Amino acid sequence: MAGHMKKQLKDAVKIISSGSLLFASYLTAVGDERFYANQLMPLLQRIVGAETAHVLAVKMIGLGLVPLNRYQDPASLEVNVLGLKFKNPIGIAAGFDKHGEAVDGLYKVGFGFVEVGTITPRPQEGNPKPRVFRLTTDHAIINRYGFNSCGLEDAQQRLTARLETQKQHTKAGLPLGINLGKNKLSQDAGADYLEGVKVVGPLADYLVVNISSPNTPGLRDLQGKAKLRQLLHTVLKERDALQGGKPPVLLKIAPDLTAQDKQDIADVVDELGVDGLMVTNTTVSRPETLQDPNKAEVGGLSGQPLKDLSTSTVREMYNLTKGKVPIVGIGGVASGQDAMDKIRAGASLVQLYTALTYQGPPIVTKIKRELEQLLKEQGFNSVSEAVGADHRGAGVATH
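Residues numbered from 1 in each chain as written. Predicted model: local features only at pLDDT ≥ 70, side-chain atom pairs only at ≥ 80, totals over all residues. Heavy atoms only, no water.

1. Notes on the overall build of the protein chain
Along the backbone of the protein chain there are 15 helices and 13 strands. By residue count, 55% of the 399 residues in the protein chain fall in the buried class. Here the contacts in the protein chain between residues at least 6 apart in sequence split such that 73% fall between residues at least 24 apart. Summing over all exposed atoms, the protein chain offers an accessible surface of approximately 17,800 Å²; the carbon and sulfur share of this is 56%. (Helix = DSSP H or I, 4+ residues; strand = E, 2+ residues; numbered from the N terminus. Buried < 20%, exposed > 50% of the residue type's maximum accessible area, 1.4 Å probe, protein only. Contact = heavy atoms within 4.5 Å. Areas by Shrake-Rupley, 256 points an atom, 1.4 Å probe, with all protein chains shown as cover.)

Quick look at the structure:
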């Protein structure tokens, strides 16, 4: 009798476990937002290290193993900027798909545009591991990857293989950006960026000159006025010499700039006709609000603690460029409200990365749905109408 009961109990446990597994698999497949944010992602973070999780996420998304996404982007989320159509303004920031391995999977997740890179001319390992640290308490990450890259040749082959697919995506309002960097040991930064423009420029809907990563020695010095003017002048000349399409060139800047630095950047961008600004990269500052023990790690801080700093930089750069230069707002976007704050401050598009690592792929649909609702509530028919609204006192910001 006791043996029979024991067997029944074992069978019951098996059935319950299988049922739980099936239910968890179902929630994973359908992309249940709360399940991802509250159960699955925290569990994965406990089991898997930060860099391993990153590598696995790129592999999984690259294989198209992403949750079902039934959300249809409404007309209100469409943005036409930089001479391109964006089905929605939410993009994946550079640094996630560094080697261009998961582009199609990222579109499947629901991103309106994908930016790959940073890609350096020659392959390089980046900094020694460990080089990525979760600040779970702060919903943040510190990384010091140091431009680990497969190199231009490898990226060119991979992106050329899907060129026809990308042309269809671009036509449908899903552009591809390519983020360019310099090799750590390179003596000639200008030559590195020129090579990037030449090799992958023809494959890009837009190009990003990244001179603001804090993890490559001397890189941020290129943001100084004289060096910046010289670099951007040669990059734009190289872009203009490309056969076929001439992709817009955007400059990615740091959040840790002085008022004079920002004024200088705005002057150079205006003078040379740079097509847009990416605002901002990660910060080397450490807000006093940080709680996590990992806050002492060296590197660039991203996620929630960067949010206000990057939004205020968006607001400043919009002012300094008189709203004439398209801005992509990056830093701490994890909700529709976060996206709306950056849009009202002057961003035409936004990007995220850290929120994806904490909340998983369903975060993209969540942000889009919330943004759609906020636009309605604040009386805007489209994202474009809301861009820079804070500078005009348009609509009513709901905080």
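Once the structure has been displayed, the description carries forward.
2. Points about the packing of aromatic side chains
Think of a pair of aromatic rings as described by two things: how far the centres are apart, and how the planes are tilted against each other in angle. Throughout the structure, instances matching the rule amount to three aromatic pairs. Residues Phe 86 and Phe 113 carry aromatic rings whose centres are separated by 5.1 Å and whose planes lie at 85° to one another, so their mutual orientation is edge-to-face. With Phe 86 in strand 2 (residues 84-86) and Phe 113 in strand 4 (residues 113-119), the pair connects residues that are 27 residues apart, well separated along the chain. Phe 113 matches Phe 86 in its accessibility class, with the two residues each being buried. An aromatic cluster is present here, built from Phe 86, Phe 113 and Tyr 206 joined pairwise through their rings. (Phe/Tyr/Trp six-rings, centres within 6.5 Å; stacked < 30°, edge-to-face > 60°.)

3. Some details on helix 3 (residues 50-62)
Along an α-helix, a turn takes 3.6 residues, which lines up residues three or four apart on a common side. Over its 13 residues, helix 3 extends 18 Å from the first C-alpha to the last, a length consistent with the 18 Å expected when each residue adds 1.5 Å. For helix 3, the complete set of buried residues consists of Ala 50, Glu 51, His 54, Val 58 and Ile 61. The buried residues of helix 3 all sit within an arc of 105° when viewed along its axis, so they share a single face. Residues of helix 3 that are buried in the fold lie against helix 4 (103-109) and strand 5 (132-135). Looking one or two residues beyond helix 3, the residue adopting positive phi is Gly 64, at roughly 80°. (Expected span 1.5 Å × (residues − 1). Arc of directions from axis to C-beta.)

4. Observations regarding the nonpolar core
Within the largest apolar cluster, 95 residues are counted, with the highest numbers of intra-cluster contacts made by Ile 90, Ile 178, Tyr 193, Val 209, Leu 251, Ile 265 and Leu 277. The leading source of residues in this core is helix 13 (residues 362-377), at six residues. (Core = buried A, V, L, I, M, F, W, Y, C linked by side-chain atoms within 4.5 Å.)

5. Side note on the sheet that holds strand 6 (residues 140-143)
As summarised here, the arrangement of the three strands in space is 5-6-11, forming an open sheet in which the pairing is antiparallel. Edge positions in the sheet fall to strand 5 and strand 11 (300-303), since each has one partner strand and no second. Taking the axes of each pair of neighbouring strands and ignoring which way they run, one obtains an average angle of 25° across the sheet. Relative to strand 6, strand 5 is paired through four bridges, and the arrangement is antiparallel. From the neighbouring strand, Val 132 faces strand 6, where its bridge partner is Asn 143. (Pairing = 2+ DSSP bridges. Axes fitted to C-alpha atoms, helices over the stretch in contact; angles between N-to-C directions.)

6. Some details on the pattern of salt bridges
Throughout the structure, instances matching the rule amount to 20 salt bridges. Notably, a salt bridge pairs Arg 122 with Asp 192, separated by 3.2 Å at the nearest N-O pair. Of the two residues, Arg 122 sits in the loop between strand 4 and strand 5 while Asp 192 sits in helix 7 (residues 189-200), which places them 70 residues apart along the sequence. The exposure class of Arg 122 is partly exposed, given its relative accessible area of 40%. Of the charged contacts, one joins Glu 271 and Arg 229 as a salt bridge, the two residues approaching to 3.1 Å between their closest N and O atoms. Pair noted here: Glu 271 is in helix 9 (residues 259-272) and Arg 229 is in helix 8 (residues 225-240), with a separation of 42 residues, a long-range link. When its relative accessible area of 46% is taken as the criterion, Glu 271 is described as partly exposed. (Salt bridge = Lys/Arg side-chain N within 4 Å of Asp/Glu carboxyl O.)

7. Some details on a nonpolar patch on the surface
On the surface, Met 60, Leu 63 and Leu 65 cluster together into a nonpolar patch covering about 330 Å² of accessible area. By the element assignment, Leu 63 lies in the loop between helix 3 and strand 1 (79-81). (Patch = residues over 30% accessible without salt bridge, like charges linked within 9 Å, V, L, I, M, F, W, Y side chains within 5 Å.)

8. Describing the confidence of the model for the protein chain
Averaged over all residues, the pLDDT of the protein chain equals 89, while 89% of them reach at least 70. In the predicted structure, residues 11-27 sits below a pLDDT of 50 and forms four contacts with residues beyond four places in sequence or in another chain. (pLDDT = per-residue confidence, 0-100.)

9. Section: the side chain of Thr 280
Within the secondary structure, Thr 280 sits in the loop between strand 10 (276-279) and strand 11. Given the relative accessible area of 1%, Thr 280 is considered buried. Setting aside residues no more than four positions away along its own chain, Thr 280 makes contact with Lys 252, Ile 253, Ala 254, Pro 255, Leu 306, Ser 310, Thr 313 and Ile 330.

10. Focus on the sheet that holds strand 4
If you trace the eight strands once around the closed barrel, you get 3-4-7-8-9-10-12-13, paired in parallel fashion. Ignoring which end each strand starts from, the neighbouring axes of this sheet average 25° apart. Where strand 3 (residues 90-92) lies against strand 4, two bridges are found, and the strand directions are parallel. Its bridge partner being in strand 4, Ile 92 is matched across the sheet by Val 114. Relative to strand 9 (residues 249-253), helix 8 is tilted by about 150°, and along the sheet it contacts strand 8 (206-210) and strand 9.

11. Section: the environment of Ser 212
On the secondary structure map, Ser 212 appears in the loop between strand 8 and helix 8. Expressed as a C-alpha distance, the spacing of Ser 212 and Thr 283, which sit 71 residues apart in the sequence, is 9.4 Å. There is a polar contact of 2.9 Å between the side chain of Ser 212 and the side chain of Asn 281. (Polar contact = N/O pair within 3.5 Å; in protein donor to acceptor, adjacent residues only side chain to side chain.)

12. Quick notes on the packing of helix 10 (residues 307-320) against helix 11 (residues 336-345)
Remark: helix 10 packs on helix 11, axes separated minimally by 8 Å, with the N-to-C direction vectors making an angle of 20°. By the angle between their axes, helix 10 is roughly parallel relative to helix 11. Where helix 10 crosses over helix 11, the two elements pack in a sense that is right-handed. Along the contact surface, helix 10 presents Lys 307, Ser 310, Thr 311, Val 314, Arg 315 and Tyr 318, while helix 11 presents Asp 338, Asp 341, Lys 342 and Ala 345. For the contact of helix 10 with helix 11, the per-class residue count stands at three nonpolar, two polar and five charged. (Parallel < 35°, antiparallel > 145°, perpendicular 65-115°, else oblique. Left-handed = near helix turned anticlockwise from the far one by under 90°. Nonpolar A, V, L, I, M, F, W, Y, C, P; charged D, E, K, R; others polar.)

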